[in-house]
Number of protein chains: 2
Amino acid sequence: MKKTEKPGTLHWLARKAGVSIATISRTLRRPDSVAPQTRQRILALVERHRFVPDGRASTFSSNRSGVIGLIVPTISNSIYAEFTEAIQNRLQAAGLNLLIANANYSAELEREIIRKLIESRVEGVILTGYDRDPGLYQLLRRYKIPFVVTWSISPKPSIPAISFDNYAAATEATELLVKLGHRRIALICGVTAINDRAAQRLAAYRDVLRRYKISFDRALVAEHPFEIEISADATTRLMSLQKPPTAIFCANDIQALGALFTCQRLQFRVPDDVSIIGFDDLPITRVVIPPLSTVHIPAAQMGNAAADALIDAARKGIPVKSRKIDTEIIMRGSTGAPPARVRIRSSSPS
Amino acid sequence: MKKTEKPGTLHWLARKAGVSIATISRTLRRPDSVAPQTRQRILALVERHRFVPDGRASTFSSNRSGVIGLIVPTISNSIYAEFTEAIQNRLQAAGLNLLIANANYSAELEREIIRKLIESRVEGVILTGYDRDPGLYQLLRRYKIPFVVTWSISPKPSIPAISFDNYAAATEATELLVKLGHRRIALICGVTAINDRAAQRLAAYRDVLRRYKISFDRALVAEHPFEIEISADATTRLMSLQKPPTAIFCANDIQALGALFTCQRLQFRVPDDVSIIGFDDLPITRVVIPPLSTVHIPAAQMGNAAADALIDAARKGIPVKSRKIDTEIIMRGSTGAPPARVRIRSSSPS
DNA sequence: TTGTACGCGTTATCAC
DNA sequence: GTGATAACGCGTACAA
């Protein structure tokens, strides 16, 4: 007496249709392998009952989850949106699903996410940055889950990375300011302790200063989360120094915008009194006044490449190969030569 | 001869430990229900072999997927980031996982996503906007998946919504401009055909004009995707009209920023020559010059409420109840009375 | 406290 | 072209 099959399953539908579950399954997966007549009857039934097969069971039985996990450190920076959308499009075309996870700049949370992804046996993982507990990489390998690091070039060859070179890009940006004649250059960047991209950009900044024999001043470096208001406050502090900088390298466009508006609010002209260069090349940098000079990051290109690599890895077993993406300095209106004489500030900022 | 259990499974580990799979499973799920000695031995083994149980199998066997799906129309607007992070935090605290999906303002893509979510038997779905094929709601109900609409109040009581009222908020914003004395008010909003939030805000704008006997001018309405450069172009067109508007209501802060910078670029003073009011209250609105007047949307609060509702629905079977969230007009520096005399533009914008 | 055995819903492999 | 049935890996009632 099995008249009461649980509704919404193949068994149940098979009974209703008077065929075997195999036939239903086939109708759904490879309709051609079923007689047109049978197919029609079954499809009508599927339609009528709004049958949606249990993906967990099928993934489980076929041993293909069909999902790629993407872990981003934040979703509030739209540069990751461009990146994510590129990945999504590529995966969709390949019949894979994207699972987006936000680690919120927390190593702890990222660890949990990676574990969850392994638990659900994703077919690939796209990571942001390389700096994490090596055990996590081992875990991914242990379960034969292909992965790729993005937004950062890994120092270890064993960890495949598809990314631009943060150090090189930041070097270029800092050097540009030096070549414009600046000697007092501030840096606003992310929190290097939890962000290897920020750390690399800071390292580049320091190294350029050293190379040009410019003394490094700790007071000119501000590490902060990527929130525009925090960056604005940091800029206020920077520009209130006895000797304010004549240029600010912001290792992130959000921070650059905070710096730009704050300088203007404090009556510093950009770029006449102070130059600002950003990093990422968000669309808004082209619209603000003056347009922001910045480092263009081909986020979509990087996303495409990472997605393609994982598709090949998941479907054809091709190991992920590291690849470097080019960046480009975009000169717009926020950078120029330093003012001829050191500007003396007459009153404190409000 | 079952010596060669497949590695990375409970069976395999059970054999290694010399216990049954049940004991391993128990050790992992409810450690207390196992003798300390056994537990230690097993945990050591789990640790050593980096064992990660197959979540699909467990979810499948326990019939609890433990995931809530969130579908946002875009991830490039940081207002959704705040929303998403609130949801994520709440769910995490409740032991549920968040699956973020980006529908990219495509009904087609959203349909596929909803189907995928049902396939994976998520325990709840958070939707953005109410306007979609009713069949999708039926499908969710059919599989007893609790859902809630956000960012939009549903006109149908059968569809639970936890949201602010777009129409009311937009009415307030438009009315504010009218009360400041503006009669020539432009609207820049999203594409109403694919965005019910934009449609409601447009409806509010029209109704306010009608109520105040201000004639509706199609030329003053610009529907566009939420990209700052597109909004900038639209503003250029608007401000190049024979009789440019004295105020612009932007149903989105991104578009408001595009409008602000463009007006300034065209030498219109904000708010002296033209007032601008946005919608969302992004952090950047407090930093730009002048600070942008806007409608504050309590995105985090809405996210918390939606998450809580779904947690209760998934865990305690409590049906989701609609709830209205309050918005608030934030007056800052971008709005004021219209100029005394109509400004005559002397040359065409570059 | 621990082990046995069944069920979860699908896919894949054979026979027929 | 179709049906029967053995996996897939885990959770869990029930037995020991």
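Residues numbered from 1 in each chain as written. Chains lettered and ligands numbered in written order. Predicted model: local features only at pLDDT ≥ 70, side-chain atom pairs only at ≥ 80, totals over all residues. Heavy atoms only, no water.

As for the overall build of chain A
Just so we agree on the cut-off: To qualify as a helix, a DSSP run of H or I must reach at least 4 residues; to qualify as a strand, a run of E must reach at least 2; elements of each kind are numbered from the N terminus. Each radius of gyration reported is based on C-alpha atoms, and the globular scaling rule is 2.2 Å times the count of residues to the power 0.38. Using a 1.4 Å probe on the protein chains alone, a residue whose accessible area is under 20% of its type maximum counts as buried, one over 50% counts as exposed, and one in between counts as partly exposed.
Across its full length, chain A carries twelve helices and twelve strands. A compact globule built from 350 residues should have a C-alpha radius of gyration of about 20 Å, whereas chain A, at 27 Å, is more than 25% larger. Dimensions of chain A, computed from C-alpha atoms along their principal axes, come out at roughly 95 × 40 × 30 Å. When each of the 350 residues of chain A is scored for burial, the buried share is 55%.

What to know about the protein's contact with DNA strand D
Selection rule: Residues are counted as near a molecule or strand when any one of their heavy atoms sits within 4 Å of it. Contacts described as polar in this section are N or O atom pairs within 3.5 Å, which, within protein, must combine one atom able to donate a hydrogen with one able to accept it, while residues neighboring in sequence count only if both atoms come from side chains.
Near DNA strand D you find 26 residues, and of these Thr23 and Thr38 of chain A together with Leu10, Arg29 and Ser61 of chain B are the closest. Protein-proximal atoms of DNA strand D, defined as those within 4 Å of the protein, fall in sugar or phosphate at a share of 64%. Taking Thr38 of chain A, its side chain carries an N or O atom lying 2.4 Å from a phosphate oxygen of DNA strand D. Between DNA strand D and Ser25 of chain B, the relevant distance is 2.6 Å, taken from a phosphate oxygen to a side-chain nitrogen or oxygen of the residue.

Here we look at the protein's contact with DNA strand C
Definition in use: Three classes are used: nonpolar for Ala, Val, Leu, Ile, Met, Phe, Trp, Tyr, Cys and Pro, charged for Asp, Glu, Lys and Arg, and polar for all others, with Gly counted as polar.
Neighbouring DNA strand C are 28 residues; Leu10, Ser25, Arg29 and Ser61 of chain A together with Thr38 of chain B lie closest to it. Within the contact set of DNA strand C, a sugar or linking oxygen lies 2.5 Å away from a side-chain nitrogen or oxygen of Ser61 of chain A. Between DNA strand C and the protein, one listed contact pairs a phosphate oxygen with a side-chain N or O atom of Thr38 of chain B at 2.3 Å. Of all elements in the fold, only α1 (10–17), α2 (21–29) and α4 (55–62) of chain A together with α2 (21–29) and α4 (55–62) of chain B reach the threshold of two or more residues within the surface near DNA strand C. Ranked by residues supplied to the surface near DNA strand C, first place goes to α4 of chain A with five residues. In the surface near DNA strand C, the residues fall into 13 nonpolar, eleven polar and four charged.

Re the confidence of the model for chain A
For residues with low pLDDT, the predicted coordinates do not support detailed interpretation. The cut-off we apply is this: Looking at any residue, its pLDDT shows the predictor's confidence there, from 0 to 100. Residues count as neighbours in contact if any of their non-hydrogen atoms are within 4.5 Å of one another.
With 96% of its residues at a pLDDT of 70 or more, chain A shows a mean pLDDT of 95. Low pLDDT (under 50) marks residues 343–350 of chain A, which in the prediction has nine contacts with non-local residues, meaning those over four places away or in another chain.

Points about the interface of chain B and chain A
As a reminder of what qualifies: By buried area we mean how much accessible surface two parts lose on assembly, using a 1.4 Å probe and totalling the loss over both. The term salt bridge refers to a side-chain nitrogen of Lys or Arg lying within 4 Å of a carboxyl oxygen of Asp or Glu.
Taken together, the contact between chain B and chain A spans 59 residues of the former and 59 residues of the latter. For the chain B face of the interface with chain A, the top three residues by lost area are Arg50, Val52 and Arg56 of chain B, together amounting to 14%. The interface formed by chain B and chain A includes four salt bridges. With a closest N to O distance of 4.0 Å, Arg121 of chain A and Asp54 of chain B form a salt bridge. Linking chain B with chain A are 29 residue pairs in polar contact (both at pLDDT 80 or more). When contributions to the side of chain B that touches chain A are tallied by element, the ones reaching two or more residues are α4, α5 (78–93), β2 (97–102), α6 (107–119), α7 (134–142), α10 (228–239) and α11 (253–265) of chain B. Its residues placed into classes, the side of chain B that touches chain A shows 24 nonpolar, 20 polar and 15 charged.

Structural notes on the pairing of strand β6 (residues 185–189) of chain A
All names here are of chain A. The test is simple: A pair of strands is labelled paired if DSSP reports no fewer than 2 bridges between them. With strands facing away from the observer, any crossover in which the path from the first strand over the helix to the second runs clockwise is taken as right-handed.
Counting buried positions over the five residues of β6 gives five, a clear majority of the element. Judged by which residues are buried, β6 turns out to be covered on both faces: Ile185, Leu187 and Cys189 on one side and Ala186 and Ile188 on the other are all buried. Note: β6 against strand β8 (residues 247–250), four bridges, orientation parallel. Counterpart to Ala186 in the pairing with β8 is Ile248. Pairing analysis gives three bridges linking β6 to strand β7 (residues 221–223), with the strands arranged parallel. Counterpart to Ile188 in the pairing with β7 is Ala222. Note that the unit made of β6, helix α9 (residues 196–211) and β7 has a crossover that is right-handed.

A short note on the packing of α5 of chain B against helix α12 (residues 299–316) of chain B
Residue and element names in this part refer to chain B. The cut-off we apply is this: To obtain an axis, a line is fitted to C-alpha atoms, over the contacting stretch when the element is a helix, and the angle between two such axes runs from 0 to 180 degrees between their N-to-C directions. Each crossing is labelled by how the near helix is turned from the far one, with a counterclockwise turn of less than a right angle marking it left-handed and a clockwise turn marking it right-handed.
It is at 8 Å that the axes of α5 and α12 come closest, and there the two elements cross at 35°. For the crossing formed where α5 meets α12, the hand is right-handed. Counted together, Ile79, Glu82, Phe83, Ala86, Ile87, Arg90 and Leu91 of α5 and Ala299, Ala300, Met302, Gly303, Asn304, Ala307, Asp308 and Ile311 of α12 form the full contact between these two elements. Here the residues of the contact of α5 with α12 sort into ten nonpolar, two polar and three charged.

Here's the deal with the packing of helix α8 (residues 166–179) of chain B against helix α9 (residues 196–211) of chain B
Residues and elements named next belong to chain B. In plain terms, the rule: In this scheme, roughly parallel covers angles under 35 degrees and roughly antiparallel covers those over 145, while 65 to 115 is roughly perpendicular and the rest are oblique.
Interaxial distance between α8 and α9 falls to 8 Å at its minimum, and their mutual angle equals 40°. The orientation of α8 with respect to α9, classified from their angle, is oblique. In terms of crossing hand, the pair formed by α8 and α9 is right-handed. For the pair α8 and α9, the contacting residues are Asn166, Tyr167, Ala170, Thr171, Thr174, Glu175 and Val178 in the first and Arg197, Gln200, Arg201, Ala203, Ala204, Tyr205, Asp207, Val208 and Arg211 in the second. In the contact of α8 with α9, the residues fall into seven nonpolar, four polar and five charged.

A word on α8 of chain B
Residues and elements named next belong to chain B. The line we're drawing: By this rule the span expected of a helix is its residue count minus one, scaled by 1.5 Å.
The terminal C-alpha atoms of α8 lie 20 Å apart, and with 14 residues this matches the ideal 20 Å at 1.5 Å per residue to within 8%. Counting buried residues along α8, ten of its 14 residues qualify, which places the element largely inside the surrounding structure. Taken residue by residue, α8 has Asn166, Ala169, Ala170, Thr171, Ala173, Thr174, Glu175, Leu176, Leu177 and Val178 as its buried positions. Contact partners of the buried residues in α8: β6 (185–189), α9, β8 (247–250), β9 (275–277), β10 (294–296) and β12 (328–330). Between a side-chain oxygen at the N-terminus of α8 and the backbone nitrogen of Tyr167 the separation is 2.9 Å; the capping residue is Asp165. Two residues or fewer after α8 comes Gly181, characterised by a positive phi angle close to 110°.

Focus: the sheet that holds β6 of chain B
All names here are of chain B. Strand order across the open sheet formed by four strands is β7-β6-β8-β9, with parallel pairing between neighbours. With one partner strand each, in any of the chains shown, β7 (221–223) and β9 form the two edges of the open sheet. The average undirected angle you get between the axes of adjacent strands in this sheet is 15°. Looking at chain direction, β8 and β9 are connected through three bridges and run parallel. Note on β9: the bridge partner recorded for Phe249 is Ile277. Lying on the sheet, α10 is in contact with β6, β7 and β8; it crosses β6 at an angle near 160°. Contacts from α11 reach β6, β8 and β9, with the element oriented near 155° to β8.

So, the pattern of salt bridges
All names here are of chain A. According to the stated counting rule, one finds 40 salt bridges over all chains in the structure shown. The closest approach of N and O atoms between Arg315 and Glu123, which form a salt bridge, is 3.1 Å. Here Arg315 is found in helix α12 (residues 299–316), whereas its partner Glu123 is found in the loop between α6 (107–119) and β3 (124–128), with 192 residues between them in sequence. Arg315 sits in the partly exposed class, given a relative accessible area of 36%.

A look at the pairing of strand β3 (residues 124–128) of chain B
Residues and elements named next belong to chain B. Burial of β3 is extensive: five of the five residues sit out of reach of the surface. The side-chain alternation of β3 yields two buried faces, one formed by Gly124, Ile126 and Thr128 and the other by Val125 and Leu127. As judged from the three bridges shared by strand β1 (residues 67–72) and β3, these two strands associate in the parallel manner. Paired with Gly69 across the strands is Val125, a residue of β3. The pairing of β3 with strand β4 (residues 147–150) spans four bridges and is parallel. Following the sheet pairing, Val125 is matched in β4 by Phe147. Once the chain exits β3 it traverses α7 before rejoining the sheet at β4, and the crossover so formed is right-handed.

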